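Structural overview for review
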Amino acid sequence: MKTIGVLTSGGDAPGMNAAIRAVVRSGCECGMKVMGIRRGYKGLIEGDMFEMNLRSVSDIIHRGGTMLYSARCPEFADPDVQDKAVEVCKEFGLDGIVTIGGDGTFKGARALTLKGIPCIGVPGTIDNDIASSDFTIGYDTALNTVMDMVDRIRDTTESHDRCSIVEVMGRNAGYLALNAGIAVGATCILIPEVDYDIDSYIIQRMKRTQKTGKEHFVIVVAEGVKGIDCNSLARYIEEKTGVESRATVLGHVQRGGSPSVRDRVLASQLGFYAVQLLKNDIGNRVVVVKKDEIVDYDIIEALNMKKSIDLELYRISNEISI
Ligand code: ADP
Ligand code: F6P
C-alpha cells in the first residue's frame, strides 16, 4: 500500500480545500494511505501530520482558506533542513507528496524529489503568477472578490464625485489588477509589466475625460508597481486635477471567501491528476492547465517557463475606459 502526503504552502488561496479533497478522495479510492501535513514544509519538518480518510474532507469544497493550514518556511531552502524533511518522510513511510502552492512551493518539491521523495506540484495562488499554468487555483475567486469590492467603492466614489485609487495584490505580477481593472471599468490600471508616467497616463487622461463630463474615477494599482504609494498618489491627483481623492488598499480580503465554480472545478481536476501521477510512481512534475487541458511538466522546466501579460487587453482597457 502506498502512502502519500498532501500539504498547502505559501499564501493560501480559495480552492485549496477543494484540491485537498480531490487528493484525499482519489488517493483513498486507489487504495492509498493519505497523510495530511499541517502548515506546509514547516509541518513536514516537525512531523505534524495525520491520516486522512474519505470523511476527513467532507464539507470543505465550499470553504476558503486551507484545512491543512499554510505557512511560509524560509529555512526549507537550506539543504540540511531538506535532509531532515526526508528523514521525517521515511519515518512516516511517505512514498510521495502533493504540494499545493506557488513557485516557492514547487522549488521545495523539486528539492525533495532530488533527495528521493517524489513530489507533485499543484498551482495554488491568487496571483496567477505561475508561468506553467494558464490559471492557478484561487485566481478566479480573487478576481471576483476584487471586482465586487471595487464595485462597492465605485458607488461611494460616484456619490461624491471623487477619484478612488485601489491597490490590489498580485505580488510582482499584474494579472489580478489588469483583469479586475477592466472588469470594473477603471480609468487607469497600473501594472508592474508596463512602464507608467503619472502625468501623461493618469492626470492627462483624467483631464481629457473631465472635459467629456466624467466626474468620478477609479484607478487600479497592482501592489507590484514600483515607486507608488497610493495615499501620495491620491494627494497628487487632488492637487493636479482638483478631484477629491481617496486611497484603498484591499489587502487580505482578496485571499478569503468561498471559491468560485471555476476554482472548485480546476482544483478538483488538478488534485485528482496529481494522485494519478504518484500512483504510477511519477514524481518531479507539476500538474497545470494549458489551453483548457490538464497537462503535466517537469518541475524545473515549469519553473523556467515565462508567462507574459495580455498587453492587448491592457490596450483595449485603456481605449474603452475613457
Ligand atoms: P509560493 O509557494 O506561493 O511561491 P513562497 O514563495 O512563500 O510562496 O514559498 C512557499 C514555501 O516554499 C516557502 O515558505 C519555503 O518553505 C518553500 N520554498 C521557497 N523557496 C524555496 C527554495 N528555493 N527551496 C526550497 N524551498 C523553498
Ligand atoms: O502570494 C499571495 C499574496 O497574497 C500576494 O498577493 C501578496 O503579495 C502576499 O501573498 C502577501 O503575503 P502575506 O500574507 O504574507 O502578507
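Whatever comes next refers back to the structure up there.
Keep in mind that this is a model prediction, so the values were computed, not measured. (Residues numbered from 1 in each chain as written. Chains lettered and ligands numbered in written order. Predicted model: local features only at pLDDT ≥ 70, side-chain atom pairs only at ≥ 80, totals over all residues. Heavy atoms only, no water.)

Observations concerning the overall build of the protein chain
Scanning the protein chain for helices and strands turns up 11 helices and 11 strands. Relative to the 2.2 N^0.38 estimate, which gives 20 Å for 322 residues, the radius of gyration of the protein chain is 22 Å and therefore close to what a compact globule would have. By residue count, 53% of the 322 residues in the protein chain fall in the buried class. Sequence separation of at least 24 residues holds for 74% of the intrachain contacts in the protein chain that already meet a minimum separation of 6. (Helix = DSSP H or I, 4+ residues; strand = E, 2+ residues; numbered from the N terminus. Rg over C-alpha atoms; globule rule 2.2 N^0.38 Å. Buried < 20%, exposed > 50% of the residue type's maximum accessible area, 1.4 Å probe, protein only. Contact = heavy atoms within 4.5 Å.)

Considering the site of ligand 2
Contacts to ligand 2 come from Arg72, Thr125, Ile126, Asp127, Met169, Gly170, Arg171, Glu223, His252 and Arg255. In the environment of ligand 2, an oxygen atom lies 2.6 Å from a nitrogen or oxygen atom belonging to the side chain of Asp127. Between ligand 2 and the protein, one listed contact pairs an oxygen atom with a side-chain N or O atom of His252 at 2.9 Å. For ligand 2, the protein covers 74% of the area, taking 400 Å² as the surface of the free molecule. Partitioned by chemical class, the residues of the shell around ligand 2 number 2 nonpolar, 3 polar and 5 charged. Of the domains in this structure, domain 1 (3–138 + 259–304) and domain 2 (140–255) are the two that each give at least three residues to the shell around ligand 2. (Near = heavy atom within 4 Å. Polar contact = N/O pair within 3.5 Å; in protein donor to acceptor, adjacent residues only side chain to side chain. Areas by Shrake-Rupley, 256 points an atom, 1.4 Å probe, with all protein chains shown as cover. Nonpolar A, V, L, I, M, F, W, Y, C, P; charged D, E, K, R; others polar. Domains from an automatic or database assignment.)

Some words on the packing of helix H1 (residues 16–29) against helix H9 (residues 261–279)
Where H1 meets H9, the axes come as close as 7 Å, and the angle between the chain directions of the two elements is 35°. Crossing angle aside, the handedness with which H1 passes H9 is right-handed. In this structure, H1 uses Ala18, Ala19, Ala22, Val23, Ser26 and Gly27 to contact H9, whose residues at the interface are Arg264, Ala267, Ser268, Gly271, Phe272, Val275 and Gln276. Its residues placed into classes, the contact of H1 with H9 shows 7 nonpolar, 5 polar and 1 charged. (Axes fitted to C-alpha atoms, helices over the stretch in contact; angles between N-to-C directions. Left-handed = near helix turned anticlockwise from the far one by under 90°.)

Focus on the pairing of strand E2 (residues 33–37)
Most of E2 sits inside the fold, with 4 of its 5 residues counted as buried. This β-α-β element, strand E1 (residues 3–8) to H1 to E2, shows right-handed connectivity. Pairing between E2 and strand E3 (residues 49–52): 4 bridges, direction antiparallel. Looking at the pairing, Gly36 lines up with Phe50 of E3. (Right-handed = clockwise from strand over helix to strand, strands pointing away. Pairing = 2+ DSSP bridges.)

Some thoughts on the sheet that holds strand E8 (residues 217–222)
Taken in spatial order, the 4 strands line up as E7-E8-E6-E9 in an open sheet, and their pairing is parallel. For this open sheet the edge positions go to strand E7 (188–190) and strand E9 (245–249), each flanked by a neighbour on one side alone. On average, adjacent strands in this sheet sit at an angle of 15° to one another, irrespective of strand direction. Judged from the 6 bridges that link them, strand E6 (residues 163–168) and E8 form a sheet pairing that is parallel. Residue pairing for E8: Ser164 is matched across the bridge by Val218. Of the strands in this sheet, E6, E8 and E9 are in contact with helix H5 (residues 139–159), which crosses E6 at around 165°. Packed onto the sheet, helix H6 (residues 175–183) meets E6, E7 and E8 and runs at close to 170° relative to E7.

Observations concerning a negative patch on the surface
On the surface, a cluster of negative charge is made up of Asp151, Asp155, Glu158, Asp161 and Glu215. By secondary structure assignment, the location of Asp155 is in helix H5. Assessed through its relative accessible area of 48%, Asp155 is described here as partly exposed. (Patch = residues over 30% accessible without salt bridge, like charges linked within 9 Å, V, L, I, M, F, W, Y side chains within 5 Å. Salt bridge = Lys/Arg side-chain N within 4 Å of Asp/Glu carboxyl O. Lys, Arg positive; Asp, Glu negative; His and termini not counted. Charge placed at Lys NZ, Arg CZ, Asp CG, Glu CD.)

Some points on the sheet that holds E3
An order of E3-E2-E1-E4-E5-E10-E11 is seen for the 7 strands of this open sheet, with the pairing classed as mixed. Whereas interior strands pair on both sides, the edge strands pair on one side only; in this sheet they are E3 and strand E11 (293–298). The average undirected angle you get between the axes of adjacent strands in this sheet is 25°. Relative to E11, strand E10 (residues 285–290) runs antiparallel, the two being bridged by 6 bridges.

Looking at the site of ligand 1
The environment of ligand 1 is formed by 14 residues, the closest being Arg72, Cys73, Gly102, Gly104 and Thr105. Separating an oxygen atom of ligand 1 from a backbone N or O atom of Gly104 is a distance of 2.9 Å. Contact between ligand 1 and Thr105: an oxygen atom at 2.5 Å from a side-chain N or O atom of the residue. Looking at which element gives the most residues to the shell around ligand 1, the answer is helix H4 (residues 103–114), with 5 residues. Here the shell around ligand 1 is built from residues that sort into 4 nonpolar, 7 polar and 3 charged.

Overview of the side chain of Thr209
Along the chain, Thr209 falls in helix H7 (residues 198–211). Of note is the side chain of Thr209, whose polar atom sits 2.9 Å from the backbone oxygen of Met206. Those residues in contact with Thr209 that lie beyond four places of it in its chain are Lys214, Phe217 and Ile322.

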